[in-house]
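Breakdown of the fold
As a plain string of letters, each chain reads:
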Amino acid sequence: MTDTPKQPDTDAASAPPPPAPKDRRRLPPPGVEFPKTIKSFVKRAGRTTTGQAKAFEVYGARYVLPYTGAPLDRVAAFGAEAAARPLILEIGFGMGDATAHIAELMPATNFLGCEVHEPGVGALLKHIGERGLTNIRILQHDAVEVIDHMLPEQGLDGVHIFFPDPWHKTKHHKRRLLQSPLVAKLAARLKPGGYLHCATDWEPYAQQMLQVLGAEPLLKNSADGYAPKPDYRPLTKFEKRGLRLGHGVWDLVFTRI
Ligand SMILES: C[S@@+](CC[C@H](N)C(=O)[O-])C[C@H]1O[C@@H](n2cnc3c(N)ncnc32)[C@H](O)[C@@H]1O
């Protein structure tokens, strides 16, 4: 599935036409760097299964939103009756197990999940169909661009980032999502009282998160250091195995001042 608008062809012999209104909408707002500053993912190989492909066919049109680069129209996305409900952004939902679990627990909350991994999007659509969930919408697009171009300030009630790619090697640390520029953007997009919940099983990244979130002036730690795991976040299969082997998992929950 492709969701990136085609760039108009340029021809050196003729002056380019003035941008159409829809092209102007895709320019970044003042103060936003473009192109994006963090490339936090590589598109993983992985086959979309027949079940996931079928879920795309049946549910894709309703639940996968196009990346427009324009502020999210919540009425168009969730319907007039549900548009005013609290909105939680999830970055990198993977195969969507936690997303579906939490959305089922909280039917009066809307969830917007960003994920670039196509089989993952198919897997979440499958959950949506099997569980009859109506409160999830998906953007199969780089979350950094979604945050920059589609999410206005003070529009979110929460942000979930569960097990973001740890980028273990020092030379790759620049690809980590949880760095101060992105954290500042997320904090600005939370409503006062909204929360940012991160979890990781990589201790050095947990320490970095604690430091970066703690240094963001708009955020306040809800705990003294790491937080107890909130009940709504399910244990993943991988996490259960890790815990049996004595590996740690660290949750961090910060609230917007
Ligand atoms: C390590 S996986 C964790 C998945 C899931 N949250 C879990 O707990 O199992 C990280 C996921 O984040 C996605 N991801 C990383 N950067 C992203 C970005 N900028 N926008 C959207 N998805 C991203 C990757 O494709 C990957 O599926």
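Residues numbered from 1 in each chain as written. Predicted model: local features only at pLDDT ≥ 70, side-chain atom pairs only at ≥ 80, totals over all residues.

**Details of the sheet that holds strand S3 (residues 136-139)**
Formally: Pairing between strands is defined by DSSP: at least two bridges between them are needed. Strands are runs of DSSP state E lasting at least two residues, helices are runs of H or I lasting at least four, and both sets are numbered from the N terminus onward. Every axis in this analysis is a line fitted to C-alpha atoms, fitted for helices over the stretch in contact. Angles between the N-to-C directions lie between 0 and 180 degrees.
The strand order S3-S2-S1-S4-S5-S7-S6 describes an open sheet built from seven strands, whose pairing is mixed. Here the strands that pair on one side only, and so sit at the sheet edges, are S3 and strand S6 (219-221). The sheet shows a mean angle of 20 degrees between the axes of neighbouring strands, taken without regard to direction. The sheet contact formed by strand S4 (residues 156-162) and strand S5 (residues 190-200) spans six bridges and is parallel.

**With respect to helix H8 (residues 203-214)**
We apply this condition: Given a helix with a known number of residues, its expected span is that number minus one, times 1.5 Å. Exposure in this text rests on C-beta crowding, where 20 or more other C-beta atoms within 10 Å of a residue's own make it buried, 12 or fewer make it exposed, and counts in between make it partly exposed. The C-beta atoms are placed from the backbone. For this quantity, the arc is that covered by the directions from the helix axis to the C-beta atoms. Residues are scored as being in contact if the C-beta atoms we place from backbone atoms lie within 7 Å.
An ideal rise of 1.5 Å per residue puts 16 Å on 12 residues; H8 measures up with 16 Å between its terminal C-alpha atoms. Residues Tyr-205, Ala-206, Met-209, Val-212 and Leu-213 constitute the buried set of H8. Projected down its long axis, H8 carries its buried residues within an arc of 135 degrees, all on one side. When the buried face of H8 is taken as reference, the exposed residues oriented beyond 90 degrees from it are Pro-204 and Gln-211. Lining the buried residues of H8 we find helix H7 (180-189), S5, S6 and strand S7 (250-256).

**Here's the deal with the confidence of the model for the chain**
The condition that has to hold: pLDDT expresses, on a scale from 0 to 100, how confident the predictor is about each individual residue.
Per-residue confidence for the chain averages 89 on the pLDDT scale, and 86% of its residues sit at or above 70. Scored below 50 in pLDDT, residues 1-15 makes eight contacts in the model with residues more than four places away or belonging to other chains.

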